Structures are given as structure tokens and as C-alpha cells.
Amino acid sequence: MPVGLFRVCLLVITAIVNHPLFFPKENGTVPESTEEILQKMKEREESLRLEQLRLEQEIADQEATQKALEKAAVVVEESKEEKVRWDMWTALSMVIFLLIELWRQDFQEGNWQDIGGEEDDMAVLGKAFKEVAFPNKAVLASFYEKRILGTTGDMARMREMVEGFADDLLEALRSVCNRDADMEVEDCMGVGSMYENWRVRKPFVCDLIVPFAPPEPYCFRCQTWCSGDSFPPDEQGYGTIKVCRADEDTAGCICDKTKLGEDMLCLLHSQVSNTRPSSEMEDLLCFKNTQYLDADQVMKWFQIAVTKAWNRISHKYEFDLSFSLLDSPGALKIKFKSGKSIAFNLTPVVQYENSDVYFISHFPRSSLAADIPSSTHWFLTFAVYERRFIQLVSKTLPANACHVSCLQILSFLHGKQCSLTGPSGLTNYHLKTVLLHLLQARPSQDWAPEKLEARLQDMLKFLEKCLHEKKLYHFFIGNGNVPAELGFPIIFQRAEPLNLFRPFVLRRDIYRKMVDTFHEMLRNMSALINEYTVHIPLAHTNGIRKEPL
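Residues numbered from 1 in each chain as written. Predicted model: local features only at pLDDT ≥ 70, side-chain atom pairs only at ≥ 80, totals over all residues. Heavy atoms only, no water.

- For the protein, an unreviewed UniProt entry supplies the name Inositol 1,4,5-trisphosphate receptor-interacting protein and the organism Copsychus sechellarum.
- According to its UniProt record, the protein has this under Function (unreviewed entry): "Enhances Ca(2+)-mediated inhibition of inositol 1,4,5-triphosphate receptor (ITPR) Ca(2+) release."
- Under Sequence similarities (unreviewed entry), UniProt gives the following word-for-word description of the protein: "Belongs to the ITPRIP family." (UniProt positions renumbered as here; feature names shortened; annotations may be inferred.)

The following block contains the structure:
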């Protein structure tokens, strides 16, 4: 009971104290009007609305940024896929290109000589060939027997006489030279048409090459266009010959290939050993201020040496010896008292490494010497391998094979035509190259003697095709099918094929003259052959079937 009264009293006191009428100033505030409250609520609402708009804008910006990033990612992914597709197409195109290039090289190395493998290919003739009246077998046989065999019977005696005299002359040359300072001359070798038994036109001229080497302690270091060094296209087929000391190893040092500064020295080669007096290198027949063998210097040295050698042995012979051509160091002529004469060429050459490929100083009776880039560039000759190849193939052919006969007849016709219309760019070496290709392409039985007419047609067709395409590849260079028995250097088999007609591509006047001469030879062929052929009865010729052109 007392507790209840106490609670009631406490409640009443609290109500009295907190009543606003008792303490209006201390414990209360002035009530605000309704307008002010509404105004504040509107401001608050506007503030919240603006905040909401700001937040919505930020969210929209973030979404736009996200979409832009996603779009960029998609573009990057598509570009990557496109790049991958493009790379795949590029790689595929490169593979196809390489396959085509490999096929082309294989075609050139293998099938470009395969001229006679298909008869259909040989049936494609030019306009000039279609109207040619080709002599039949009987006429060709009569012509060959009367004109060719009748004039080549004394070639063996002439070769024997020239070789014997050349050996004696070179022995005398060695005796007049200084063994410690002059070049060392080796034995001569016979090359060319006289030693391959297909020369037909007089005067008969024997071609002999004479290898020479520098005196000790020097040696020759040969560089060719296909040995890895950079040679311009117009210098393909050429090389340079550097005269070095035998104890000099320049293969692994760049001091000889790079110009060092004045304050730089090579630690392997001292300046004393590298710098030689100019007179010493000139005595070694080098070009001025270089170590490269000069063909002009070699020509002068060889002419002087041959003259001295002949003066030593001239009393032993009853004939005179003279130089027949001023621009050829070894173009010699023997003159007998009876008025007869014998011409032969004795040409200095440099052996390429341990092979039978030789650097030749000049070409007798040829215009190629005018096209040599400089006197330090030497042309390579494969004449020894060409002779060996013909001998090797001849062993597999039927008896009395017609391959040499074809070349002799074609060479005779070409020579006669040149005597009528003047010389052209086409040479006997081009004709021999045609024969070499056909010998490799045709089976052995195709060269039987009764097939002379067909094989002669093949040679003319192939030559016409080469003239039309301006392409006649060197037989050995770039030919991977050279018989292994020849021991031919592999570096030349792996080289790019050398087009013998390349000089005529830019010299259109010479090319036009060459084509015109060939066409004139075709048109005049029957007349030229009939001129040297005995009369054959018509009944005899009608009994021989003529192969279609």
C-alpha cells in the first residue's frame, strides 16, 4: 500500500514539472508553421531527386563503359581470329609457293633436258620449220659420206703432229723460264671439236689448254660465282683467282674482306705479312695493287715465253712459227716451205681445285672475251668433262651411232649459212650443248645409224624451241643427273642453271640476227645438202619412208 501511494505521487510530480505551461521558455521551442515544413520537405525531396539522377547517371556511365569494354574485347577477339585466319592463308600460300618453286627447280634439273622423251612434245614446231623440205635418209647418207667423211680423214695425223710439237715447245718454255720466279707450266691437253671428232670445216684447228701454277711458296685460291660470294647476274659463269702464300690461311679471318681503320691491326696477320710490294705482285701477273690474277698480264707473259721457247728450238724444225691473232696469246700457225700451214691454239688455264674444271684466260675465235667484266674475271670451261661425257655415252650407243654425224651435219650447215649471211651469235658450242642434252634425254637405241634423219630433226626442233624461249641451259651447271663416273664437282651440280642465251635477252639486235640466220639455214638446208650430194635415182628415194616432221 505505501509503495503504491509513492508511485502515484511521483507520477503527479513528473507531470507537473514537464507541463509546457509551467516552463515555456526553458523547456520548449516555438512551433514552426506548416509552410516552412512543406518547403523543407520539397527541398529535401529535390535534393533526393538530384542525388537519384546523379546515381542513375553514374550507373549509366558504368554500364556504357562496360559495354564499350565488352565491345572492344569482342573486336580484339575477332581481329585475333582474323589474324589467325590471315596467318594461316599466308602460311598456306607460302607452302604452295615453295612447292611450286621446288617443282620448278626439279623440272629444270631433271625435265629441262628431257627433250626427246615424248614424241608429242617434239611435234610442236614453229612457222619457219613447217615449210622446210627436209632431206630424206638416202640424201643425208650420201651427203655425209661425200662431204663429211671425205674431209675428216687426216684429222688424226694432224692431232698427232700438233701434240708432239706442242710438247716440245712447252718443254723449251720450261727451260727458258726462271723456276723460282716464273709460272710453272704443266702438260697440255686437247679439247674441243678436233678431239671429239666432230669438226668438219677447214682449216682444222687443234685446241690445246695448258694449266699453269705460281712458283713456290705461292698458290692460287679460286672463287666462283656459285661458291657463296655475291656475283652480279652478268658475272655468272665467271670466277676470280687470288694469288696467296701457301702458308696463308685467310678463310677464317675477315681482315682481308673488311677495310680496317688506320689505328686497327689484325692480331692474326701482321701488317708486314699482308702488305707486299706492288712489284712483287705484278711479277706474279696480278692486277695493279691487288692480289688477283690478271688475264691480260697472263697473255703478255705467255706470248713472251712462247717466243723465247721457239727461238731455242727453231733450228730443229724446217718450218716457221708465228702468232696468227694478235689478241690471242696462243693462236699459233705453223708455215711449211711448201706453202701449207697448220693452225692451233695453245691457251693458258688455271685448274679449279682438284677437278678438271679450268679458268680460261680467253676464248680463241670467240666474241665472249669482249663480254668479260674485267681482266680479273676468268670464265670457267668444262671442255674436259664434255669430252669425257661424249666418250662415256658413246660406249653405250649402238655401233656406228649417229650422234656425232648429227652434230657434224648441223655444224656444217651453220658454217655455210654464216659464210653467206655473216656470223651470228649462234656458235658451234650452242649446237654441241643441244646434242649433250639430247644424249642424256634419249635412250641409247634412238641413236642407231638408221635414225640419223629423226635425230637431226630433233636437234633442229630443240634449237628452234630454245631460240623462241631465249633459254639454252648449260649442260653441266645445275644438272643433277651428271653421271657419277665423271667425278664432276658437286658445287656446280647444285648451282642455279646457267642460261647460255641470257646475253642475247638484252641485245636484241644480236638475237634478231641469230634467229634470222637459223631460219635462213632451215630454208637453205636442202640446197646446201644437194650441192654436195651425188644424184640419187628417184625410185631409190621413193622406197624410203620419210618420218613426219
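### Overview of the pattern of salt bridges
Thought 1: All told, the structure shown has 16 salt bridges when counted by the stated rule.
Thought 2: Between Arg-388 and Asp-356 there is a salt bridge; the shortest N-O distance is 2.5 Å. Note that Arg-388 is positioned in helix α10 (residues 383-394) and Asp-356 in the loop between β8 (341-351) and β9 (358-360), a separation of 32 residues in sequence.
Thought 3: On the basis of relative accessibility, which here comes to 15%, the residue Asp-356 falls in the buried class. (Salt bridge = Lys/Arg side-chain N within 4 Å of Asp/Glu carboxyl O. Helix = DSSP H or I, 4+ residues; strand = E, 2+ residues; numbered from the N terminus. Buried < 20%, exposed > 50% of the residue type's maximum accessible area, 1.4 Å probe, protein only.)

### A closer look at the confidence of the model for the protein
The predicted coordinates should not be examined in detail at positions where pLDDT is low.
Thought 1: On average, residues of the protein score 79 in pLDDT, and 73% of them are at 70 or above.
Thought 2: In this model residues 22-31 is a low-confidence stretch, pLDDT under 50, and it forms 3 contacts with partners more than four residues away in sequence or in other chains.
Thought 3: Confidence over residues 535-549 falls short of pLDDT 50; this stretch has 22 contacts with residues more than four positions distant or in other chains. (pLDDT = per-residue confidence, 0-100. Contact = heavy atoms within 4.5 Å.)

### A few points about helix α9 (residues 295-313)
Thought 1: The end-to-end C-alpha separation of α9 is 27 Å, in line with the 27 Å expected for 19 residues at 1.5 Å each.
Thought 2: Ala-295, Val-298, Met-299, Trp-301, Phe-302, Ala-305, Val-306, Ala-309, Trp-310 and Ile-313 are the residues of α9 that are buried. Projected onto a plane normal to the axis of α9, the buried residues spread over an arc of 170° and lie on a single side. The outward face of α9, more than 90 degrees from its buried face, is lined by the exposed residues Lys-300 and Asn-311.
Thought 3: The distance from a side-chain oxygen at the start of α9 to the backbone nitrogen of Asp-296 is 3.0 Å, and the residue carrying that oxygen is Asp-294. (Expected span 1.5 Å × (residues − 1). Arc of directions from axis to C-beta. Polar contact = N/O pair within 3.5 Å; in protein donor to acceptor, adjacent residues only side chain to side chain.)

### Topic: the packing of helix α11 (residues 403-421) against helix α12 (residues 428-441)
Between two packed helices, what matters for the description is the angle formed by their axes and the separation of those axes.
Thought 1: Interhelical geometry of α11 versus α12 gives an angle of 155° and a closest axis separation of 10 Å. Judged by the inter-axis angle, α11 sits roughly antiparallel to α12. In this structure, the crossing between α11 and α12 has a hand that is right-handed. Along the contact surface, α11 presents His-403, Leu-407, Leu-410, Ser-411 and His-414, while α12 presents Asn-428, Leu-431, Lys-432, Leu-435 and Leu-439.
Thought 2: Classifying every residue of the contact of α11 with α12 gives 5 nonpolar, 4 polar and 1 charged. (Axes fitted to C-alpha atoms, helices over the stretch in contact; angles between N-to-C directions. Parallel < 35°, antiparallel > 145°, perpendicular 65-115°, else oblique. Left-handed = near helix turned anticlockwise from the far one by under 90°. Nonpolar A, V, L, I, M, F, W, Y, C, P; charged D, E, K, R; others polar.)

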